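Examining the three-dimensional arrangement
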Amino acid sequence: DRFWAEVAPVTKWTNAMLTPPPDHVLGLIGAASGSRTIADRFVPRVPFVSTLFSRAGVVAGTRPNVRWLLEHGELIAIFPEGTTGPGKSMRQHYQLQDWRVGHVEFAIRHRVPVIPIAIIGAEESWPLLARVPHVHVFGAPYLPLPVSLVPLPVRFHLHYGAPIRFDDPPAT
């Protein structure tokens, strides 16, 4: 409780920087029983980060966890690039990496829409100097060596796309 009392002002300031999503996204958020972010499976093994993420409602990205959340009406945020997205070199900034396809399978099985969201600015907030591929601390796929020990102050822009529905047959 003491921790949350100390970080509450920072959380309010950070949340104030995010612009409200458009009406079609707000409607889906209102229909969901909650909203959860899905993290890679190694995140619960990382000291301090695991506790912070858990308290913020972040869930390990296992198939049973995602299935349970969708079956219970939760809205989930999945990053289809996985760990390759934040692990890009500076030359690869703003280039999409290979996507994992499990999120589409879940959307089809559970008849839920996918709302594409582009996050612009995150790539400059914590640029990588290098990534060490054969060092797997806490089960991570690589060891990131950031340029700075703390994220840099940059402006983020979120762009929301129209929901993509997989439960209806495509129009011909």
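All values derive from a computational prediction rather than experimental measurement.

**Describing unusual backbone geometry**
In this structure, Arg111 takes a positive phi of about 55° despite not being glycine. Position of Arg111 among the secondary structure elements: in the loop between α5 (102-110) and β4 (117-120). Of the residues examined, Arg111 reaches a relative accessible area of 55% and is grouped as exposed. If you check the backbone angles, Phe138 has positive phi at about 60° while not being a glycine. With respect to the element layout, Phe138 can be found in the loop between β5 (128-132) and β6 (143-146). Taking relative accessible area as the criterion, Phe138 reaches 38% and is therefore assigned partly exposed.

**Looking at the pattern of salt bridges**
Here the structure, examined in full by the defined rule, presents two salt bridges. Two residues, Arg63 and Glu105, come together in a salt bridge whose shortest N-O distance is 2.7 Å. Of this pair, Arg63 sits in helix α4 (residues 63-71) while Glu105 sits in helix α5; the two residues are 42 residues apart in sequence, bridging distant segments of the chain. Using a relative accessible area of 39% as the deciding quantity, one classes Arg63 as partly exposed. Between Glu105 and Arg109 there is a salt bridge, with its nearest N and O atoms 3.0 Å apart. Here Arg109 and Glu105 lie together in helix α5, a separation of four residues that amounts to about one turn. For Arg109, a relative accessible area of 61% gives the class exposed. Counted as one network, the salt bridges with shared partners bring together Arg63, Glu105 and Arg109.

**Here's the deal with the nonpolar core**
Ile38, Val59, Val66, Leu69, Leu70, Ile76 and Phe106 form the largest nonpolar core, which has seven residues in total. In terms of residue count, the dominant contributor to this core is α4 (three residues). The residues contacting Ile76, other than those within four sequence positions of it, are Arg36, Ile38, Val66, Leu69 and Leu70. Residues Ala39, Val43, Val58 and Ala140 belong to the second largest nonpolar core, which totals six residues.

The rules behind each value
- Residues numbered from 1 in each chain as written.
- Predicted model: local features only at pLDDT ≥ 70, side-chain atom pairs only at ≥ 80, totals over all residues.
- Heavy atoms only, no water.
- Helix = DSSP H or I, 4+ residues; strand = E, 2+ residues; numbered from the N terminus.
- Buried < 20%, exposed > 50% of the residue type's maximum accessible area, 1.4 Å probe, protein only.
- Salt bridge = Lys/Arg side-chain N within 4 Å of Asp/Glu carboxyl O.
- Core = buried A, V, L, I, M, F, W, Y, C linked by side-chain atoms within 4.5 Å.
- Contact = heavy atoms within 4.5 Å.

Purely geometric stuff here, so don't read any function into it on its own.
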